[in-house]
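Structural features, examined
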Amino acid sequence: MGSLGNLGVLELVMICVRPEDVEILGAIPSLLFLNITTAGGTNGRITVNGFRSLKYFSLIICRCGTALEFQVGSMPNLEHLKLAFPLHKSRCLNNGASSLGIQHLSAISKVEVDIHGNCMTDSNYDPTEDEKDGAVRGVARAINGAMMTLPNRATVRFKTTREWECQRFERVSFVRELAGIDNSINL
Ligand SMILES: [Zn+2]
């Protein structure tokens, strides 16, 4: 940990985000900017704690089946949050809280949410104009509701992309898939 003590900017590509990974990263006091791209979290869950200095956080979740939740007191200095995840049904978020716990990010001023799912492609999606009672609207509304409880006139922008394929993250099959890709490269 001593060698990570001065780390300010970090960009990671991880097959699976484990609770211990979040714990280690969240305990780096100097970390200001963090980008993570991942297939999903262990047992379908990424729970965010710590990160006391972080100002910018980007999390791209590539597969369905992971609940994301920011805990009370996590990321107390976070100003800018960027999220991307697939969402076809509520179970694509593993039935986690629709607001993702964004109401707990007390210093946030800007949130960008990029949703891929059973929806229209829209670079500025507004859930109040969506007449379809789908999972995307439900989550966008919940995030809007969470934003309204925050100070700092925090703003949120939603981007939606139509993507039919609902691929759940299953650790073993995904690793096998990666191994398959490696084999084909070796040939
Ligand atoms: Zn899905």
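Here, every reference points to the structure presented above.
Described in the following lines is the structure provided in the data block. (Residues numbered from 1 in each chain as written. Predicted model: local features only at pLDDT ≥ 70, side-chain atom pairs only at ≥ 80, totals over all residues.)

**Side note on the overall build of the chain**
Note the threshold: Going along the chain from the N terminus, every DSSP run of H or I of four or more residues is numbered as a helix, and every run of E of two or more is numbered as a strand. Whether a residue is buried, exposed or partly exposed follows from its count of other C-beta atoms within 10 Å of its own C-beta, namely 20 or more, 12 or fewer, or something in between, respectively; the C-beta atoms are built from the backbone. Contact definition: two residues whose C-beta atoms, as placed from backbone geometry, lie within 7 Å.
Along its length, the chain carries 3 helices and 9 strands. Element order for the chain, N to C, with α for helix and β for strand: β-α-β-β-β-β-β-β-β-α-β-α. Looking at the chain as a whole, 30% of its 187 residues qualify as buried. For the chain, the proportion of contacts with a sequence separation of at least 24, taken over those separated by at least 6, is 69%.

**Thoughts on helix α2 (residues 135–148)**
Here is the rule we go by: Working rule for helices: expected span equals 1.5 Å times residues minus one.
Taking 1.5 Å as the rise per residue, α2 with 14 residues should run 20 Å; its terminal C-alpha atoms sit 20 Å apart, in good agreement. Elements that come into contact with the buried residues of α2 comprise β6 (80–87), β7 (110–117), β8 (122–125) and β9 (155–162).

**Here we look at the nonpolar core**
Heads up, the rule is: By definition, a nonpolar core groups buried Ala, Val, Leu, Ile, Met, Phe, Trp, Tyr and Cys residues that connect through C-beta atoms lying within 7 Å of each other.
Membership of the largest hydrophobic core comes to 42 residues, with the highest contact counts inside it found for M75 and L87. Broken down by secondary-structure element, the contributors of at least two residues to this core are α1 (19–26), β2 (33–41), β3 (45–48), β4 (56–61), β5 (67–70), β6, β7 and α2. The contact partners of L87, leaving out residues within four places of it in the chain, are C92, L93, I115, G117, A135, V136 and V139.

**Some thoughts on unusual backbone geometry**
Even without a glycine there, the phi angle at N94 is positive, about 55°. Here R153, not a glycine, exhibits a phi torsion of approximately 45°, which is positive. Here R153 is to be found in the loop between α2 and β9. Judged by the 7 C-beta atoms lying within 10 Å of it, R153 falls in the exposed class.

**Brief notes about the environment of R18**
Relative to the elements of secondary structure, R18 occurs in the loop between β1 (9–17) and α1. The exposure class assigned to R18 is partly exposed, which follows from the 13 C-beta atoms found within 10 Å. Sequence-wise, R18 and T42 are 24 residues apart; in three dimensions their C-alpha atoms are separated by 5.2 Å.

All quantities given are derived from atomic positions and should not be read as evidence of function.
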